Amino acid sequence: MLIFRLAFKNIIGAGLRTWLSVLVLSFSYITIIFTQGMYRGMSQQITSAMIATELGDGQYWNSAYDPDELFDLDKANGVLPAEFDPAINSGQAVPILFYPGSIYPQGRLRPVIIKGIPDRQQVLAIPAQFLVVEDPEIVKAVIGERMANSCKLAQGDLVTLRWRDSDGTFDAVDVEIAHIMKTIVPAADQGILWLNLHQLQTMTGLDQSATMIVISPELTRRPDLPGWDFKSVYYLTEEIRAMVKMKSSGAMILYFVLIGLALIAIFDSQVLSIFHRRREMGTMMALGMTRLRLILLFTLEGAMHGVLAMLLAFIYGTPLLIWSIRSGIALPAISSRWGIALSDHLFPHYTIGLIVFTILLVMILVTVVSYLPLRRISRLKPTDALRGKLS
Amino acid sequence: MNQNNVIIQLENVVKDYRIGSGYFRALKDFSISFGHGEFAGFIGPSGSGKTTALNIIGSLDQPSSGTCLVLGENISTISHRQAANLRNHQIGFIFQTYNLLPVYTVYENVEFPLLLLGLSDTGRKKMITEALEMVGLTDKIDSRPAQLSGGQAQRVAIARAIVKKPALILADEPTANLDVKNSHNILELMVKLNRELGSTFVFSTHDPKVISYLQRIIRLEDGRIVSDQPQKQEL
Ligand SMILES: Nc1ncnc2c1ncn2[C@@H]1O[C@H](COP(=O)(O)OP(=O)(O)OP(=O)(O)O)[C@@H](O)[C@H]1O
Ligand SMILES: [Mg+2]
């Protein structure tokens, strides 16, 4: 306890340099916690949106479907297995048919993936109720906001849709944009045209067929179906996790620079202590302090940088973190750069584990860096120290 | 000198300093003892070995050969830890350059040895106040060393040395950086402390002012004791 008190007094009495190191260290704390919280929040936000609008609680893929092989998308489907009829009828599962096509907004060709979804489904947050067929002659479509913007389509617009039916002959129809939906999930928006499943099946001659069956969490049974492969949410979000991981390790460079700067300054001041404060060390030894306690004292004094930085970061960081949790961070500009359609506001997700880990990491680094230059104290003779000499 | 009273005994002490590939012998066949309550000093020309002798007595350094007993401890064989313990409990140092700890206040500087001793808060406060009263610096307790004059700084150093009431106080050229008036003040203070606390004082000096206060003068030359005489104090 004595050593703590002395170390604290020493560092409080130290000069501007110390406070600069403390300031930079406190930036490091805040930057790490803030950005890592942001990445976690981002990952969480994207994942939950994907679950709501795309993934459900997992998907059965027709074995012919391969998301990386979109040329054969017209063949990536199969007749729905009868075992799934009860689940589909009770709203615990929803079949979706993917089909390639193209639209011609303002006369320009635009390839799309047509996704057929039943108009009465509750599994995904796709506003399929707009796809209810009132007049069999009219084909209605729902598109996402980004799609609408990039094709300059508005609600009520008619746009020509062309597709190749199962015989290989081209067909065309004018579809009416019945609704434009807001979503952050690219798989439901960019290049996607949502149609009524029955209408799409009729148009393509693929009666009773689908590309995948998305299931809701209410369906607890996940039977093995020949010709259909179950993909869990964990599997389906792998890419997102990998991407967030990559982004967050990219931020490591920033952390290294910040912590590195502070560590260099602390190391430097410890080396200087060995030179400039030798007489002080000699005096302490003359007053009855052992070398071991002296090393402990000066190590602790260095480590105090980390403690003070923590206090400082707590003082100005807490309001910052609370504000970011409450009102989110506006990110409209950043989202496109990220390659993900984020919502306007990102809500960071800070965990105790993240904060504790960051504090531990910085404290350990600071303590080690403080200790390293002090090893030579163990060979310091009191008489040499008092004369200001280094042994 | 009463033999039972002896607290410091050096016998045939030799101190060699390594210089390059050879040695320099700073103390040669050095034998002397001090009794309880003495007010004595090493004098002699620069380089004669005064500081070396004082450092060995103070357990800051060890003799190359010979025996040195201080307050029951054998300095030749003592471990670093034991030496620190001995200094902490029994020995007070006063340096030519004061050596106050710069970031601490006057109060905290005087408190330092007591903190090392692990004394309680209330016990410490009483002892510090007492020590600062003795040196007449109760009005400066919150000052930092940089804000003190040389005389005041040395008085703080004295307070720090005497605060634990050690059996032995070693003072290496305590007046070298002080003017005449301050030197006399400090010497009178030390004489008073010697009487009141009964602590043994051993000086190293070539300051005639200090010499005039000593009760016993040990003259060194070239690492040897050339004379050892009591001095009559005129009152
Ligand atoms: N660490 C050391 N290494 C080498 N030589 C040393 C060392 N310390 C002291 N000496 C030498 O030992 C001799 C005695 O030194 P010491 O410091 O004891 O002298 P002193 O009597 O205190 O002198 P002064 O009055 O100048 O303080 C000197 O010649 C000095 O050069
Ligand atoms: Mg000397």
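What you see is a predicted model; the values in this text were computed from it and never measured.

How each quantity is defined
- Residues numbered from 1 in each chain as written.
- Chains lettered and ligands numbered in written order.
- Predicted model: local features only at pLDDT ≥ 70, side-chain atom pairs only at ≥ 80, totals over all residues.
- Heavy atoms only, no water.
- Helix = DSSP H or I, 4+ residues; strand = E, 2+ residues; numbered from the N terminus.
- Rg over C-alpha atoms; globule rule 2.2 N^0.38 Å.
- Contact = heavy atoms within 4.5 Å.
- Lys, Arg positive; Asp, Glu negative; His and termini not counted.
- Charge placed at Lys NZ, Arg CZ, Asp CG, Glu CD.
- Pairing = 2+ DSSP bridges.
- Axes fitted to C-alpha atoms, helices over the stretch in contact; angles between N-to-C directions.
- Domains from an automatic or database assignment.
- pLDDT = per-residue confidence, 0-100.
- Salt bridge = Lys/Arg side-chain N within 4 Å of Asp/Glu carboxyl O.
- Polar contact = N/O pair within 3.5 Å; in protein donor to acceptor, adjacent residues only side chain to side chain.
- Nonpolar A, V, L, I, M, F, W, Y, C, P; charged D, E, K, R; others polar.
- Core = buried A, V, L, I, M, F, W, Y, C linked by side-chain atoms within 4.5 Å.
- Buried < 20%, exposed > 50% of the residue type's maximum accessible area, 1.4 Å probe, protein only.
- Near = heavy atom within 4 Å.
- Areas by Shrake-Rupley, 256 points an atom, 1.4 Å probe, with all protein chains shown as cover.

For chain B, the count of helices and strands is seven helices and ten strands. By the compact-globule yardstick of 18 Å for 235 residues, chain B fits well, its C-alpha radius of gyration being 18 Å. Each principal axis of the C-alpha distribution contributes one length, and for chain B these read about 50 × 40 × 40 Å. Within chain B, counting contacts between residues at least 6 apart in sequence, those at least 24 apart form 68% of the total. Distance between charge centres in chain B, computed from 24 positive and 23 negative side chains, equals 2 Å.

The subject of this paragraph is the side chain of Ser143 of chain B. Relative to the assigned elements, Ser143 of chain B resides in the loop between helix 4 (121-134) and helix 5 (150-162). Other than its neighbours up to four places away in sequence, Ser143 of chain B contacts Tyr104, Thr105, Val106 and Leu148 of chain B.

Another aspect to go through is the sheet that holds strand 2 (residues 22-35) of chain B. All names here are of chain B. With respect to topology, four strands assemble into an open sheet ordered 2-1-4-5, the strand pairing being antiparallel. What marks the edges here is a single partner per strand, and that holds for strand 2 and strand 5 (73-74). Inspection of the sheet shows strand 1 (residues 6-19) paired to strand 4 (residues 65-70) by five bridges, in the antiparallel sense. Opposite Ile8, over in strand 4, you have Val70 as the bridge partner.

A few words on the sheet that holds strand 9 (residues 216-221) of chain B. All names here are of chain B. One open sheet accounts for six strands, arranged 6-7-8-3-9-10; its pairing is mixed. A single partner strand is all that each edge strand has here, and the edge strands are strand 6 (91-94) and strand 10 (224-230). With strand direction ignored, the average angle separating the axes of adjacent strands in the sheet is 15°. Note: strand 9 against strand 10, six bridges, orientation antiparallel. Opposite Glu221, over in strand 10, you have Arg224 as the bridge partner. Across the sheet, helix 2 (residues 80-90) lies against strand 6 and strand 7 (168-172), angled at about 80° from strand 6, the strand it touches most.

Turning to the domain arrangement of chain A, a few remarks are in order. With domains assigned, chain A is organised as domain 1 (2-51 + 239-386) and domain 2 (59-231). Placing the centre of domain 1 of chain A and that of domain 2 of chain A at their C-alpha centroids yields a distance of 51 Å.

Another aspect to go through is the confidence of the model for chain A. Here chain A shows a mean pLDDT of 89. Residues at 70 or above account for 96%. Counting interchain partners and residues more than four positions distant, the pLDDT-below-50 stretch residues 333-339 of chain A has six contacts.

Residues and elements named next belong to chain B. Residue Lys165 is not a glycine yet carries a positive backbone phi of 50°. With respect to the element layout, Lys165 can be found in the loop between helix 5 and strand 7. In this structure, Glu173 takes a positive phi of about 50° despite not being glycine. Mapped onto the fold, Glu173 is located in the loop between strand 7 and helix 6 (180-197).

So, about the interface of chain B and chain A. Interface size, as often reported, equals the accessible area lost upon joining of the parts. With 24 residues of chain B at the interface, the matching set in chain A holds 22 residues. In this structure, the connection of chain B to chain A is made through one salt bridge. Ionic pairing is found between Lys9 of chain A and Glu108 of chain B, a salt bridge with its closest N-O pair at 3.5 Å. Across the contact surface, chain B and chain A share five residue pairs in polar contact (both at pLDDT 80 or more). Among the secondary structure elements, those contributing two or more residues to the side of chain B that touches chain A are helix 2 and helix 3 (106-117) of chain B. A class-by-class count of the residues in the side of chain B that touches chain A yields eleven nonpolar, five polar and eight charged.

In this section: the nonpolar core. Counting residues in hydrophobic clusters, the biggest one holds 88 residues, and the most contacted among them are Trp194, Met284 and Met289 of chain A together with Phe112 of chain B. The biggest single contributor to this core is helix 2 (residues 16-55) of chain A, with 14 residues. Both domains that meet at this core, namely domain 1 (2-51 + 239-386) and domain 2 (59-231) of chain A, each give it at least three residues. Among residues more than four places away in sequence, those in contact with Trp194 of chain A are Ile96, Lys115, Ile117, Ile126, Leu131, Lys140, Ala141, Val142, Met181 and Ala188 of chain A. Formed by 39 residues, the second largest nonpolar core is a distinct cluster that contains Val135, Leu137, Val156 and Ile158 of chain B.

Turning our eyes to something else, we now look at the site of ligand 1. In the vicinity of ligand 1 lie 15 residues, with Ser46, Gly47, Lys50, Thr51 and Thr52 of chain B positioned nearest. The residues that come close to ligand 1 belong to more than one chain, namely chains A and B. Separating an oxygen atom of ligand 1 from a side-chain N or O atom of Glu173 of chain B is a distance of 3.4 Å. Burial of ligand 1 by the protein chains amounts to 73% of its free accessible area of 630 Å². Of all elements in the fold, only strand 2 and helix 1 (50-57) of chain B reach the threshold of two or more residues within the shell around ligand 1.

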